[in-house]
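Fold and contact review
Here are the chains, one letter per residue:
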Amino acid sequence: MTTTGPLEGLRVLDLATLFAGPLAATLLGDFGAEVVKVEHPGRPDPSRGHGPAKDGIGLWWKLLGRNKRTMTLDLSTAGGRDTLLRLAATADVVIENFRPGTLEKWGLGWPELSAANPRLVLARVTAFGQHGPYAHRPGFGTLAEAMSGFAAITGEPEGPPTLPPFGLADSIAALTCAYAVMTALAGRDRTGQGQVVDLAIVEPILTVLGPHPLWYDQLGYVQPRTGNRSTNNAPRNTYRSADGRWLAVSTSAQSIAERVMRLVGRPELIAEPWFATGAGRAGRADVLDDAVGGWIARHKAEEVVAAFEDAEAAVAQVYDVRDVIADPQFAALDTVTEVEDPELGPLRMQNILFRLSGTPGGIRWAGRPHGADTEEVLTELGLTGAEITALRTEGAL
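Predicted, not measured: the structure shown is a model, and the values here were computed from it.

What counts, and at which threshold
- In this convention, every chain numbers its residues from 1, walking through the sequence in written order.
- Two thresholds apply to this predicted model, a pLDDT of at least 70 for residue-level local features and 80 or more for giving and counting side-chain atom pairs, whereas whole-chain, interface and lining totals are computed over all residues.
- To obtain the side-chain values, all non-hydrogen atoms of the structure were used and water was disregarded.
- Where helices and strands are cited, they refer to DSSP runs of H or I of at least four residues and of E of at least two residues respectively, numbered from the N terminus.
- Residue burial is assigned from relative accessible area. The probe radius is 1.4 Å, only protein chains are included, and a residue is buried under 20% of its type maximum, exposed over 50%, and partly exposed in between.
- Any two residues whose heavy atoms approach within 4.5 Å at even a single point are treated as in contact.
- Per-residue and other accessible areas follow the Shrake-Rupley method at a 1.4 Å probe size, with only the shown protein chains counted as cover for residues.
- Interaxial angles span 0 to 180 degrees and are taken between N-to-C directions of axes, which are lines fitted to C-alpha atoms, for helices over the stretch in contact.
- Oblique is the label for any angle not covered by the other classes, which are roughly parallel (under 35 degrees), roughly antiparallel (over 145) and roughly perpendicular (65 to 115).
- Note on convention: the crossing is left-handed when the near helix lies turned anticlockwise from the far helix by less than a right angle, right-handed when the turn is clockwise.
- Patches here are clusters of residues that have more than 30% relative accessible area and form no salt bridge, with a 9 Å joining cutoff for like charges and a 5 Å cutoff for nonpolar side chains (Val, Leu, Ile, Met, Phe, Trp, Tyr).
- A carboxyl oxygen of Asp or Glu within 4 Å of a side-chain nitrogen of Lys or Arg is what we treat as a salt bridge.
- In this text, buried Ala, Val, Leu, Ile, Met, Phe, Trp, Tyr and Cys residues form a nonpolar core when linked through side-chain atoms within 4.5 Å.
- In this scheme, a helix's expected span is set at 1.5 Å multiplied by one less than its residue total.

**Topic: the overall build of the chain**
From N to C terminus, the chain includes 17 helices and 13 strands. Principal axes of the C-alpha set define a box for the chain whose edges measure 85 × 50 × 40 Å. Out of the 397 residues belonging to the chain, those deemed buried represent 47%. Sequence-distant contacts in the chain: of pairs separated by 6 or more residues, those separated by 24 or more amount to 69%. Accessible surface for the chain amounts to roughly 19,600 Å². Of this, 56% is attributable to carbon and sulfur atoms.

**Re the side chain of Ser241**
Among the secondary structure elements, Ser241 is positioned in the loop between strand E9 (237-240) and strand E10 (246-249). Residue Ser241 is classed as buried on the basis of its relative accessible area, which comes to 6%. Filtering out sequence-adjacent residues up to four positions away, Ser241 remains in contact with Leu247, Ile296, Ala297, His299, Lys300 and Ala301.

**Considering helix H1 (residues 20-30)**
Within an α-helix, residues lying three or four positions from one another point in the same direction, as the helix has 3.6 residues per turn. When you tally the buried positions in H1, you get ten out of eleven residues, the bulk of the element. Positive backbone phi, at 105 degrees, marks Gly32, one or two positions downstream of H1.

**Remarks on the packing of helix H3 (residues 78-89) against helix H16 (residues 374-381)**
To characterise two packed helices, one gives the angle between the axes of the helices and the distance between these axes. The N-to-C vectors of H3 and H16 enclose an angle of 65 degrees; their axes lie 10 Å apart at closest approach. Between H3 and H16, the angle is such that the two are roughly perpendicular. For the pair H3 and H16, the crossing hand works out as left-handed. Across from Thr83, Arg86 and Leu87 in H3, the residues of H16 making contact are Val377, Leu378 and Leu381.

**Quick word on a nonpolar patch on the surface**
Together, Leu175, Leu353, Phe354 and Leu356 make up a nonpolar patch on the protein surface, roughly 360 Å² of accessible area in all. Mapped onto the elements of the fold, Phe354 is located in the loop between strand E13 (345-350) and H16. Judged by its relative accessible area of 42%, Phe354 falls in the partly exposed class.

**Some remarks on the nonpolar core**
Considering soluble globular proteins, one finds that nonpolar side chains tend to be buried as a cluster. By size, the foremost hydrophobic cluster in this structure holds 46 residues, and its most contacted members are Val12, Leu28 and Ile95. Listing elements by their share of this core, those giving two or more residues are H1, strand E6 (93-96), strand E7 (121-126), helix H7 (168-191), strand E8 (196-200), helix H8 (202-208) and E13. For this core, the element with the highest residue contribution is H7, accounting for eleven residues. Ignoring any residue separated from it by four or fewer positions in sequence, one finds Val12 in contact with Ala25, Leu28, Ala33, Glu34, Val35, Val36, Val93 and Ile95. Grouped together as the second largest cluster of nonpolar side chains are 27 residues, Tyr239, Val264, Trp295 and Val315 included.

**As for the pattern of salt bridges**
All chains considered together, the criterion is met by 24 salt bridges. Glu343 serves as the salt-bridge partner of Lys62, at 2.5 Å between the closest nitrogen and oxygen. Here Lys62, found in helix H2 (residues 59-64), pairs with Glu343, found in the loop between strand E12 (336-341) and E13; they are 281 residues apart in sequence, far enough to count as distant. Ionic pairing is found between Arg322 and Asp320, a salt bridge with its closest N-O pair at 2.4 Å. Among the residues examined, Arg322 registers a relative accessible area of 64% and is labelled exposed. A single network of salt bridges, built from pairs that share partners, joins Arg11, Glu34, Arg69, Glu376 and Glu380.

**Looking at helix H12 (residues 285-297)**
Counted at 1.5 Å a residue, the expected span for H12 with its 13 residues is 18 Å, and the 17 Å between its end C-alpha atoms agrees. Taken together, the buried positions of H12 are occupied by Ala285, Leu288, Asp289, Ala291, Val292, Gly293, Trp295 and Ile296. In this structure, the buried residues of H12 make contact with E9, E10, helix H10 (254-263), helix H11 (278-282) and helix H13 (301-310).

Shown next, in the form of structure tokens:
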């Protein structure tokens, strides 16, 4: 598929693995950036083996590696170091997630990279950032989900803290990293100079949790676990229908809460003094859950959705991936799109994150085999056949 994206002409070197850094590079590639994925010759990005595979080919990599050319390079060798510096001289962005000090150990720190290309943006994605007492600790998104406060407020009130069953912190960090790279590039447009992005995975997820530090600082308030309920409004929960489907209801707006009460046949609750505020309703969540849950339990899921739509109230069925694939709204948006792949044939995966009317971007190809473009990338860089052979002999490729 040939597409034109707004980032066409931008060159990104993706040196990162699992998952925040590589996903940030994917997001840039989706909108036209040329992304070159640099992997170790003997230790490919672990995402190639993460999760289910088909015919021995990891499916997660097909998503994470889309729109990327792949090459191998051992950065710890002299030839690998020199080649990376030559690549960096042609690039706009380098994304890496080694522990702090690793690039420096290889002679590839910011002084060397910026000397090779003063306009380069180096995005450094680590668990805890480039300095501080935890900087050199190994870390993954799971630790960020624990240390940010996310796990502490997730789960049932009497149950244990709950971790998400997917890479939540990594994904939020990837979105943040892509934004940070574009911000740094905007700065370069004004100053002519590149810079370093220091992104700690633990920080973006703390930001999306909202005003918890403010609440604690000003009020000494620590949000408890409330399950599917909210401390800010009610009814807000999941409820089971007569045909066994789960539905989520949200009443963040006062007018919506009133519509729901009329719909479920409990309009008298609207006149209660406590009903006038979200916090007041949250304090009577048991009463409101009984009213809403009891009504939903007497109706099939399709009937519930239709009645809520007629009442202009907010409801959604709790989907699994089968429902996502079948849903007409997702189909209209092409949210899950089909991509032709030479290894596995047609693949369905999430489409790009948003639609631009003039320069839309798109998925040009799914994740490619390990090192598939090594010769092509190095030849474009100006290396001769003899030089490429010498790098292979050295073990740099």
